Amino acid sequence: MKRFEDFVEGLNEDLVVPDLVDKKFEEALNMVESKKKKHWGIGVKVAAAALAVVVSGGVFGVTNPAVASKIPVIGHIFERVEQKAVYPGEYANKQTLSEKDQTDEKLVAEDQNIKLTASEVYSDGLSVYVSLKAESEKYDFSKIEKMSEDNAQVVQLMTSWKFDEPLSEKEQDFDLLLSGENDGNHAFIGIVKFDREEISNQGGTVNLRIKGIGLEQNQELKMVDGTWELEIPFTVDEDAGKEIVVDEKIDQKFAVKKVFVSPYQVCVLSDVPYTMPYANMTDDEIIAEGFGKEGKTYSDSEKASLCDEVRKAKEYQYYEMAIFNQDGEKIQFQEVWDTDETLQKDFFSVNGKKISRLHIYVTENEDQMFELIKAKTEEQAKKISEHDFVVDVK
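Residues numbered from 1 in each chain as written. Predicted model: local features only at pLDDT ≥ 70, side-chain atom pairs only at ≥ 80, totals over all residues. Heavy atoms only, no water.

Caption draft 1: Inspection of the overall build of the protein at higher detail. The helix and strand inventory of the protein stands at nine helices and 19 strands. Buried positions account for 51% of the 394 residues belonging to the protein. Pairs at least 24 residues apart make up 67% of the contacts formed inside the protein by residues separated by at least 6 positions. Only carbon and sulfur atoms are counted for the fraction: they give 44% of the accessible area of the protein, which is about 18,800 Å². (Helix = DSSP H or I, 4+ residues; strand = E, 2+ residues; numbered from the N terminus. Buried < 20%, exposed > 50% of the residue type's maximum accessible area, 1.4 Å probe, protein only. Contact = heavy atoms within 4.5 Å. Areas by Shrake-Rupley, 256 points an atom, 1.4 Å probe, with all protein chains shown as cover.)

Caption draft 2: Region of the structure containing the pattern of salt bridges. Applying the stated rule across the entire model yields 21 salt bridges. Its salt-bridge partner being Asp-173, residue Lys-211 comes within 3.5 Å of it at the nearest N-O pair. One end of the pair, Lys-211, is in strand E8 (residues 204–217); the other, Asp-173, is in the loop between strand E5 (153–163) and strand E6 (174–182), with 38 residues separating them in the sequence. Classification of Asp-173 by relative accessible area gives partly exposed; the value is 30%. The residue Glu-379 makes a salt bridge to Lys-383 at a minimum N-O spacing of 3.9 Å. With Glu-379 and Lys-383 both in helix H9 (residues 378–384) and four residues apart, the pair spans about one turn of that helix. Here Glu-379 and Lys-383 have matching classes, each one exposed. Bridged by salt links that share partners, the residues Arg-80, Lys-84, Glu-181 and Asp-183 form one connected network. (Salt bridge = Lys/Arg side-chain N within 4 Å of Asp/Glu carboxyl O.)

Caption draft 3: A look at the packing of aromatic side chains. Per the stated rule, a full pass over the model turns up 18 aromatic pairs. A centroid spacing of 5.7 Å and a plane angle of 55 degrees characterise the contact between Trp-161 and Phe-174, whose relative ring orientation is tilted. Note that Trp-161 is positioned in strand E5 and Phe-174 in strand E6, a separation of 13 residues in sequence. You can call Phe-174 partly exposed: its relative accessible area is 23%. Centre to centre, the rings of Tyr-278 and Phe-291 are 5.2 Å apart; their planes meet at 80 degrees, and the pair counts as edge-to-face. Placement of Tyr-278 in the loop between strand E13 (274–275) and helix H6 (283–288) and of Phe-291 in the loop between H6 and helix H7 (300–311) is noted, with a sequence separation of 13 residues between them. Take Phe-291: its relative accessible area is 14%, and that puts it in the buried class. An aromatic cluster is built from Phe-78, Tyr-91, Tyr-122, Tyr-129 and Tyr-264, whose rings are joined through pairwise contacts. (Phe/Tyr/Trp six-rings, centres within 6.5 Å; stacked < 30°, edge-to-face > 60°.)

Caption draft 4: Structural context of the side chain of Gln-344. Positionally, Gln-344 belongs in strand E17 (residues 344–349). With relative accessibility at 2%, the residue Gln-344 sits in the buried group. Here the side chain of Gln-344 touches Tyr-319 through a polar contact of 2.9 Å, side chain to side chain. (Polar contact = N/O pair within 3.5 Å; in protein donor to acceptor, adjacent residues only side chain to side chain.)

Structure below.
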(Lines give C-alpha, C1' and ligand atoms only; values in the text may rest on other atoms or scores of the structure.)
Protein backbone atom coordinates (compact mmCIF):
# COMPACT_ATOMS: atom_id res chain seq x y z
CA MET A 1 0.00 0.00 0.00
CA LYS A 2 3.01 2.32 -0.14
CA ARG A 3 1.92 3.91 -3.43
CA PHE A 4 -1.53 4.68 -2.01
CA GLU A 5 -0.17 6.17 1.22
CA ASP A 6 2.28 8.37 -0.67
CA PHE A 7 -0.47 9.58 -2.98
CA VAL A 8 -2.88 10.50 -0.19
CA GLU A 9 -0.11 12.19 1.80
CA GLY A 10 0.28 14.67 -1.04
CA LEU A 11 -3.44 15.48 -0.97
CA ASN A 12 -3.95 15.96 2.73
CA GLU A 13 -1.59 15.07 5.54
CA ASP A 14 -4.43 14.80 8.05
CA LEU A 15 -6.76 12.75 5.86
CA VAL A 16 -8.01 9.54 7.47
CA VAL A 17 -8.64 7.08 4.66
CA PRO A 18 -11.49 4.59 5.11
CA ASP A 19 -10.83 0.98 4.17
CA LEU A 20 -13.39 1.31 1.40
CA VAL A 21 -11.45 4.13 -0.30
CA ASP A 22 -8.22 2.20 0.21
CA LYS A 23 -9.77 -0.76 -1.60
CA LYS A 24 -11.19 1.41 -4.40
CA PHE A 25 -7.82 2.99 -5.10
CA GLU A 26 -6.08 -0.36 -5.33
CA GLU A 27 -8.76 -1.52 -7.77
CA ALA A 28 -8.21 1.63 -9.83
CA LEU A 29 -4.46 1.12 -9.94
CA ASN A 30 -4.92 -2.47 -11.06
CA MET A 31 -7.30 -1.25 -13.74
CA VAL A 32 -4.74 1.21 -15.04
CA GLU A 33 -2.28 -1.51 -16.02
CA SER A 34 -4.86 -3.23 -18.21
CA LYS A 35 -6.25 0.02 -19.60
CA LYS A 36 -2.83 1.26 -20.64
CA LYS A 37 -2.44 -1.89 -22.72
CA LYS A 38 -5.96 -2.64 -23.89
CA HIS A 39 -8.17 0.41 -23.63
CA TRP A 40 -8.55 3.74 -25.39
CA GLY A 41 -8.95 5.62 -22.14
CA ILE A 42 -6.71 7.99 -20.23
CA GLY A 43 -4.20 5.54 -18.78
CA VAL A 44 -2.53 6.76 -15.61
CA LYS A 45 -5.10 9.52 -15.19
CA VAL A 46 -7.76 6.84 -14.67
CA ALA A 47 -6.39 6.02 -11.24
CA ALA A 48 -6.23 9.66 -10.20
CA ALA A 49 -9.79 10.22 -11.38
CA ALA A 50 -11.01 7.06 -9.69
CA LEU A 51 -9.57 8.13 -6.35
CA ALA A 52 -10.71 11.72 -6.78
CA VAL A 53 -14.34 10.85 -7.39
CA VAL A 54 -14.38 8.37 -4.49
CA VAL A 55 -12.83 10.67 -1.92
CA SER A 56 -14.06 14.02 -3.16
CA GLY A 57 -17.66 13.31 -2.28
CA GLY A 58 -16.76 15.30 0.81
CA VAL A 59 -13.08 15.21 1.73
CA PHE A 60 -12.60 18.77 0.55
CA GLY A 61 -16.05 20.03 1.54
CA VAL A 62 -17.18 21.58 4.81
CA THR A 63 -20.38 20.57 6.55
CA ASN A 64 -22.90 23.40 6.89
CA PRO A 65 -24.38 23.08 10.41
CA ALA A 66 -26.65 26.08 9.85
CA VAL A 67 -29.01 24.12 7.63
CA ALA A 68 -32.17 23.53 9.63
CA SER A 69 -33.41 19.97 9.79
CA LYS A 70 -36.99 21.23 9.46
CA ILE A 71 -36.48 22.48 5.89
CA PRO A 72 -38.57 20.33 3.51
CA VAL A 73 -36.26 18.19 1.41
CA ILE A 74 -37.86 18.59 -2.02
CA GLY A 75 -36.80 22.00 -3.33
CA HIS A 76 -34.07 22.38 -0.69
CA ILE A 77 -31.64 19.58 -1.52
CA PHE A 78 -28.91 21.98 -2.66
CA GLU A 79 -29.10 23.72 0.74
CA ARG A 80 -28.73 20.42 2.54
CA VAL A 81 -25.86 18.86 0.57
CA GLU A 82 -24.15 21.58 -1.48
CA GLN A 83 -21.06 21.38 0.73
CA LYS A 84 -20.95 17.58 0.39
CA ALA A 85 -21.07 17.60 -3.40
CA VAL A 86 -18.07 16.60 -5.49
CA TYR A 87 -18.06 20.25 -6.62
CA PRO A 88 -19.07 22.08 -3.43
CA GLY A 89 -20.30 25.66 -3.24
CA GLU A 90 -23.32 27.83 -2.58
CA TYR A 91 -25.76 27.17 -5.41
CA ALA A 92 -27.61 30.41 -4.74
CA ASN A 93 -28.98 30.81 -8.27
CA LYS A 94 -30.45 27.33 -8.55
CA GLN A 95 -33.66 26.80 -10.47
CA THR A 96 -36.25 25.18 -8.20
CA LEU A 97 -38.71 23.09 -10.17
CA SER A 98 -42.32 23.83 -9.20
CA GLU A 99 -44.45 21.44 -7.17
CA LYS A 100 -46.51 20.82 -10.29
CA ASP A 101 -43.39 19.92 -12.24
CA GLN A 102 -42.27 17.59 -9.48
CA THR A 103 -45.37 15.47 -10.01
CA ASP A 104 -44.77 15.47 -13.77
CA GLU A 105 -43.76 12.06 -15.09
CA LYS A 106 -40.74 13.65 -16.76
CA LEU A 107 -39.23 14.60 -13.39
CA VAL A 108 -40.22 11.49 -11.47
CA ALA A 109 -39.30 7.90 -12.33
CA GLU A 110 -39.86 4.66 -10.44
CA ASP A 111 -38.61 1.12 -10.98
CA GLN A 112 -37.37 -1.79 -8.86
CA ASN A 113 -38.98 -0.26 -5.76
CA ILE A 114 -36.82 2.88 -6.06
CA LYS A 115 -38.39 6.26 -6.85
CA LEU A 116 -36.22 9.09 -8.21
CA THR A 117 -37.33 12.74 -8.16
CA ALA A 118 -35.47 15.71 -9.67
CA SER A 119 -36.22 18.91 -7.76
CA GLU A 120 -33.54 21.55 -8.51
CA VAL A 121 -31.12 22.34 -11.30
CA TYR A 122 -28.24 24.78 -11.89
CA SER A 123 -25.96 25.39 -14.86
CA ASP A 124 -22.78 27.48 -15.00
CA GLY A 125 -22.62 27.22 -18.80
CA LEU A 126 -20.45 24.10 -19.11
CA SER A 127 -22.05 21.76 -16.59
CA VAL A 128 -25.55 21.09 -15.31
CA TYR A 129 -25.95 20.19 -11.63
CA VAL A 130 -29.17 18.35 -10.70
CA SER A 131 -30.51 17.49 -7.26
CA LEU A 132 -32.10 14.06 -6.95
CA LYS A 133 -33.98 12.30 -4.20
CA ALA A 134 -34.06 8.50 -4.15
CA GLU A 135 -36.73 6.81 -2.04
CA SER A 136 -37.28 3.13 -1.32
CA GLU A 137 -38.86 1.08 1.43
CA LYS A 138 -36.78 -1.89 0.29
CA TYR A 139 -33.28 -0.41 0.71
CA ASP A 140 -31.62 1.17 3.73
CA PHE A 141 -29.67 4.20 2.53
CA SER A 142 -28.26 4.85 5.99
CA LYS A 143 -25.94 1.86 5.50
CA ILE A 144 -24.08 3.50 2.64
CA GLU A 145 -20.47 4.02 3.74
CA LYS A 146 -19.38 7.51 4.70
CA MET A 147 -16.64 8.72 2.38
CA SER A 148 -15.09 11.30 4.71
CA GLU A 149 -15.17 13.03 8.06
CA ASP A 150 -18.06 15.29 7.02
CA ASN A 151 -20.20 12.17 6.50
CA ALA A 152 -20.60 12.64 2.76
CA GLN A 153 -21.99 9.59 0.99
CA VAL A 154 -22.17 8.62 -2.68
CA VAL A 155 -24.55 6.50 -4.74
CA GLN A 156 -23.20 5.24 -8.04
CA LEU A 157 -25.38 5.67 -11.12
CA MET A 158 -24.99 3.87 -14.46
CA THR A 159 -26.32 6.47 -16.86
CA SER A 160 -26.68 7.71 -20.39
CA TRP A 161 -27.78 11.24 -21.24
CA LYS A 162 -28.11 13.81 -23.99
CA PHE A 163 -28.85 17.50 -24.10
CA ASP A 164 -31.97 18.48 -26.06
CA GLU A 165 -32.13 15.20 -27.98
CA PRO A 166 -34.05 11.99 -27.33
CA LEU A 167 -32.03 9.01 -26.14
CA SER A 168 -31.66 6.02 -28.44
CA GLU A 169 -31.58 2.44 -27.19
CA LYS A 170 -27.85 2.11 -27.90
CA GLU A 171 -26.46 5.06 -25.98
CA GLN A 172 -23.07 4.61 -24.30
CA ASP A 173 -23.31 4.20 -20.52
CA PHE A 174 -21.22 6.15 -18.02
CA ASP A 175 -20.67 5.91 -14.27
CA LEU A 176 -21.70 9.06 -12.39
CA LEU A 177 -21.84 9.85 -8.68
CA LEU A 178 -24.83 11.16 -6.78
CA SER A 179 -23.08 12.77 -3.81
CA GLY A 180 -24.94 13.81 -0.65
CA GLU A 181 -26.43 12.07 2.38
CA ASN A 182 -29.16 9.70 3.48
CA ASP A 183 -32.42 11.35 4.55
CA GLY A 184 -33.59 8.79 7.08
CA ASN A 185 -33.25 5.09 6.44
CA HIS A 186 -35.19 4.91 3.20
CA ALA A 187 -34.25 8.05 1.27
CA PHE A 188 -31.10 9.60 -0.17
CA ILE A 189 -30.60 13.18 -1.38
CA GLY A 190 -27.70 14.40 -3.49
CA ILE A 191 -26.31 16.28 -6.48
CA VAL A 192 -25.18 14.78 -9.80
CA LYS A 193 -23.24 16.68 -12.48
CA PHE A 194 -23.62 16.48 -16.27
CA ASP A 195 -21.01 18.04 -18.56
CA ARG A 196 -21.83 19.64 -21.89
CA GLU A 197 -19.58 19.23 -24.91
CA GLU A 198 -19.45 22.97 -25.52
CA ILE A 199 -19.59 26.08 -23.33
CA SER A 200 -22.92 27.84 -23.90
CA ASN A 201 -25.20 30.43 -22.31
CA GLN A 202 -28.24 28.69 -23.78
CA GLY A 203 -30.49 26.58 -21.59
CA GLY A 204 -32.15 23.34 -22.58
CA THR A 205 -33.09 19.92 -21.28
CA VAL A 206 -31.09 17.03 -19.86
CA ASN A 207 -32.58 13.79 -21.15
CA LEU A 208 -31.43 11.21 -18.63
CA ARG A 209 -31.67 7.43 -18.50
CA ILE A 210 -30.40 5.56 -15.43
CA LYS A 211 -29.90 1.82 -15.94
CA GLY A 212 -28.40 0.94 -12.60
CA ILE A 213 -28.19 2.30 -9.06
CA GLY A 214 -25.19 1.10 -7.05
CA LEU A 215 -25.50 1.01 -3.30
CA GLU A 216 -22.33 0.52 -1.25
CA GLN A 217 -23.30 -1.45 1.86
CA ASN A 218 -20.88 -3.22 4.17
CA GLN A 219 -18.06 -2.53 1.69
CA GLU A 220 -19.87 -4.37 -1.09
CA LEU A 221 -21.53 -2.83 -4.14
CA LYS A 222 -25.09 -3.91 -4.84
CA MET A 223 -26.14 -2.82 -8.32
CA VAL A 224 -29.90 -2.52 -8.76
CA ASP A 225 -30.67 -2.82 -12.48
CA GLY A 226 -33.71 -1.05 -13.88
CA THR A 227 -34.78 1.89 -16.03
CA TRP A 228 -35.37 5.40 -14.71
CA GLU A 229 -35.89 8.12 -17.33
CA LEU A 230 -36.08 11.84 -16.55
CA GLU A 231 -36.25 15.05 -18.59
CA ILE A 232 -34.85 18.00 -16.65
CA PRO A 233 -35.19 21.57 -18.01
CA PHE A 234 -32.50 24.11 -17.11
CA THR A 235 -31.46 27.68 -17.70
CA VAL A 236 -27.88 29.01 -17.57
CA ASP A 237 -26.50 31.42 -15.00
CA GLU A 238 -24.86 33.70 -17.55
CA ASP A 239 -22.85 35.61 -14.94
CA ALA A 240 -21.25 32.52 -13.42
CA GLY A 241 -18.83 31.15 -15.99
CA LYS A 242 -15.85 32.74 -17.71
CA GLU A 243 -14.26 31.31 -20.84
CA ILE A 244 -10.64 32.29 -21.49
CA VAL A 245 -8.94 31.47 -24.79
CA VAL A 246 -5.41 30.24 -24.08
CA ASP A 247 -3.93 28.51 -27.17
CA GLU A 248 -0.83 27.44 -25.24
CA LYS A 249 1.21 24.81 -27.08
CA ILE A 250 2.76 22.20 -24.84
CA ASP A 251 4.53 20.38 -27.67
CA GLN A 252 4.09 20.02 -31.43
CA LYS A 253 0.62 18.51 -31.08
CA PHE A 254 -0.70 18.84 -27.53
CA ALA A 255 -2.13 22.28 -26.75
CA VAL A 256 -4.29 23.86 -24.05
CA LYS A 257 -6.97 25.69 -26.00
CA LYS A 258 -9.31 27.19 -23.38
CA VAL A 259 -9.92 27.46 -19.65
CA PHE A 260 -13.40 27.72 -18.14
CA VAL A 261 -13.83 29.10 -14.60
CA SER A 262 -16.99 29.23 -12.48
CA PRO A 263 -17.62 29.41 -8.71
CA TYR A 264 -17.65 25.60 -8.64
CA GLN A 265 -15.08 24.37 -11.11
CA VAL A 266 -12.12 25.03 -13.35
CA CYS A 267 -12.07 23.14 -16.62
CA VAL A 268 -9.01 22.98 -18.86
CA LEU A 269 -9.90 22.14 -22.47
CA SER A 270 -7.02 20.59 -24.37
CA ASP A 271 -6.34 19.33 -27.87
CA VAL A 272 -4.66 16.01 -27.08
CA PRO A 273 -2.97 13.83 -29.74
CA TYR A 274 -3.98 10.21 -30.02
CA THR A 275 -3.07 6.98 -31.78
CA MET A 276 -5.27 4.13 -32.98
CA PRO A 277 -3.23 1.14 -31.79
CA TYR A 278 -5.61 -1.56 -33.03
CA ALA A 279 -6.42 -0.10 -36.44
CA ASN A 280 -4.34 -2.62 -38.40
CA MET A 281 -4.94 -5.71 -36.27
CA THR A 282 -6.87 -8.74 -37.51
CA ASP A 283 -10.00 -9.96 -35.73
CA ASP A 284 -8.09 -12.85 -34.13
CA GLU A 285 -5.34 -10.53 -32.90
CA ILE A 286 -7.89 -8.21 -31.31
CA ILE A 287 -9.69 -11.08 -29.55
CA ALA A 288 -6.29 -12.34 -28.34
CA GLU A 289 -5.70 -8.90 -26.76
CA GLY A 290 -8.54 -9.63 -24.36
CA PHE A 291 -11.45 -7.67 -25.78
CA GLY A 292 -14.92 -9.11 -25.42
CA LYS A 293 -16.48 -11.01 -22.54
CA GLU A 294 -14.37 -13.76 -21.05
CA GLY A 295 -15.69 -17.23 -21.89
CA LYS A 296 -18.23 -16.00 -24.45
CA THR A 297 -18.33 -17.61 -27.89
CA TYR A 298 -18.92 -14.99 -30.56
CA SER A 299 -20.59 -15.61 -33.89
CA ASP A 300 -18.73 -14.38 -36.97
CA SER A 301 -20.98 -11.32 -37.24
CA GLU A 302 -20.67 -10.50 -33.50
CA LYS A 303 -16.88 -10.83 -33.65
CA ALA A 304 -16.69 -8.64 -36.75
CA SER A 305 -18.85 -5.95 -35.12
CA LEU A 306 -16.78 -5.98 -31.90
CA CYS A 307 -13.48 -5.81 -33.76
CA ASP A 308 -14.65 -2.99 -36.03
CA GLU A 309 -15.38 -0.89 -32.93
CA VAL A 310 -12.02 -1.73 -31.36
CA ARG A 311 -10.19 -0.69 -34.51
CA LYS A 312 -11.76 2.76 -34.17
CA ALA A 313 -10.52 3.07 -30.59
CA LYS A 314 -8.25 5.99 -29.76
CA GLU A 315 -5.48 5.98 -27.16
CA TYR A 316 -4.68 9.49 -25.99
CA GLN A 317 -1.29 10.82 -25.01
CA TYR A 318 -0.72 10.61 -21.25
CA TYR A 319 -0.17 13.79 -19.30
CA GLU A 320 -1.01 15.32 -15.93
CA MET A 321 -1.48 18.87 -14.75
CA ALA A 322 -1.64 20.77 -11.48
CA ILE A 323 -3.30 24.16 -10.98
CA PHE A 324 -2.77 26.87 -8.35
CA ASN A 325 -4.56 30.20 -7.92
CA GLN A 326 -2.98 33.64 -7.46
CA ASP A 327 -2.52 32.95 -3.72
CA GLY A 328 -0.66 29.69 -4.29
CA GLU A 329 -3.67 27.57 -3.25
CA LYS A 330 -3.99 24.30 -5.10
CA ILE A 331 -7.19 23.76 -7.10
CA GLN A 332 -8.00 20.11 -6.59
CA PHE A 333 -8.18 17.80 -9.62
CA GLN A 334 -11.39 15.78 -9.79
CA GLU A 335 -11.95 14.03 -13.11
CA VAL A 336 -11.18 13.88 -16.81
CA TRP A 337 -13.70 13.73 -19.61
CA ASP A 338 -13.11 13.23 -23.32
CA THR A 339 -15.33 12.40 -26.26
CA ASP A 340 -14.59 11.91 -29.95
CA GLU A 341 -14.26 15.04 -32.04
CA THR A 342 -14.21 17.38 -29.02
CA LEU A 343 -11.55 18.86 -26.78
CA GLN A 344 -10.51 16.80 -23.77
CA LYS A 345 -11.66 18.31 -20.49
CA ASP A 346 -9.84 18.17 -17.14
CA PHE A 347 -12.06 19.28 -14.25
CA PHE A 348 -10.90 20.79 -10.95
CA SER A 349 -13.00 21.71 -7.90
CA VAL A 350 -12.83 25.36 -6.82
CA ASN A 351 -14.23 24.61 -3.35
CA GLY A 352 -14.81 28.25 -2.43
CA LYS A 353 -11.37 29.57 -3.42
CA LYS A 354 -11.04 33.01 -5.05
CA ILE A 355 -9.60 32.91 -8.56
CA SER A 356 -8.21 35.85 -10.51
CA ARG A 357 -5.17 34.07 -11.95
CA LEU A 358 -4.28 30.42 -12.60
CA HIS A 359 -0.81 28.90 -12.68
CA ILE A 360 -0.89 25.67 -14.68
CA TYR A 361 1.86 23.03 -14.59
CA VAL A 362 2.00 20.06 -17.00
CA THR A 363 4.06 16.87 -17.21
CA GLU A 364 4.13 14.18 -19.90
CA ASN A 365 6.48 12.01 -17.86
CA GLU A 366 4.49 9.04 -16.56
CA ASP A 367 6.92 8.54 -13.69
CA GLN A 368 6.19 12.07 -12.45
CA MET A 369 2.41 12.15 -12.82
CA PHE A 370 1.46 11.09 -9.31
CA GLU A 371 4.21 13.32 -7.93
CA LEU A 372 2.63 16.29 -9.69
CA ILE A 373 -0.80 15.41 -8.32
CA LYS A 374 0.72 15.22 -4.84
CA ALA A 375 2.56 18.55 -5.10
CA LYS A 376 1.34 20.89 -2.35
CA THR A 377 3.13 24.03 -3.48
CA GLU A 378 3.89 25.79 -6.74
CA GLU A 379 7.58 25.36 -6.07
CA GLN A 380 7.17 21.59 -5.92
CA ALA A 381 4.95 21.55 -9.03
CA LYS A 382 7.43 23.65 -11.01
CA LYS A 383 10.29 21.26 -10.23
CA ILE A 384 8.25 18.26 -11.40
CA SER A 385 6.60 19.71 -14.51
CA GLU A 386 8.15 20.25 -17.94
CA HIS A 387 5.75 23.04 -18.92
CA ASP A 388 4.05 25.87 -17.05
CA PHE A 389 2.08 28.99 -17.95
CA VAL A 390 -0.24 31.60 -16.44
CA VAL A 391 -3.88 32.34 -17.28
CA ASP A 392 -5.43 35.62 -16.13
CA VAL A 393 -9.10 35.31 -15.22
CA LYS A 394 -10.66 38.73 -15.87
